[in-house]
Amino acid sequence: MSAEDKISHRIDQLAGKGKELTGRATDNPDLEAEGKGEQAASKLKQAGEKVKDAFK
């Protein structure tokens, strides 16, 4: 996994965490769920990149 990909996925994960916390603070379940979804997607991307790296 390239450094750019790692940074990009980490930024996506942090943005999702920010949305989750904002949704929780403002009592907005839709925003909180969106943030959790973005975090999950980012973690999946990271896992996929690790698998690719393992087969290089």
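In what follows, the structure referred to is the one given above.
Here is a short report on the structure shown in this document. All of these numbers come straight from a predicted model, not from anything done at the bench.

1. As for the overall build of the chain
- Looking only at helices and strands, the chain has two helices and zero strands in total.
- Taken along its principal axes, the extent of the C-alpha atoms in the chain is 45 × 15 × 10 Å.
- Here the chain holds 56 residues, and 21% of them are scored as buried.
- If you take every contact in the chain between residues at least 6 apart in sequence, the share linking residues at least 24 apart comes to 45%.
- Of the accessible surface of the chain, which amounts to about 4,100 Å², a share of 59% is contributed by carbon and sulfur atoms.
- Taken together, the 11 basic and 11 acidic charged side chains of the chain have centroids lying 6 Å from each other.

2. Digging into unusual backbone geometry
- The phi dihedral of Asp27 is positive, around 55°, even though this residue is not glycine.
- Note that Asp27 resides in the loop between helix H1 (3-25) and helix H2 (29-54).
- A relative accessible area of 68% places Asp27 in the exposed class.

Calculation criteria
- Residues numbered from 1 in each chain as written.
- Predicted model: local features only at pLDDT ≥ 70, side-chain atom pairs only at ≥ 80, totals over all residues.
- Heavy atoms only, no water.
- Helix = DSSP H or I, 4+ residues; strand = E, 2+ residues; numbered from the N terminus.
- Buried < 20%, exposed > 50% of the residue type's maximum accessible area, 1.4 Å probe, protein only.
- Contact = heavy atoms within 4.5 Å.
- Areas by Shrake-Rupley, 256 points an atom, 1.4 Å probe, with all protein chains shown as cover.
- Lys, Arg positive; Asp, Glu negative; His and termini not counted.
- Charge placed at Lys NZ, Arg CZ, Asp CG, Glu CD.

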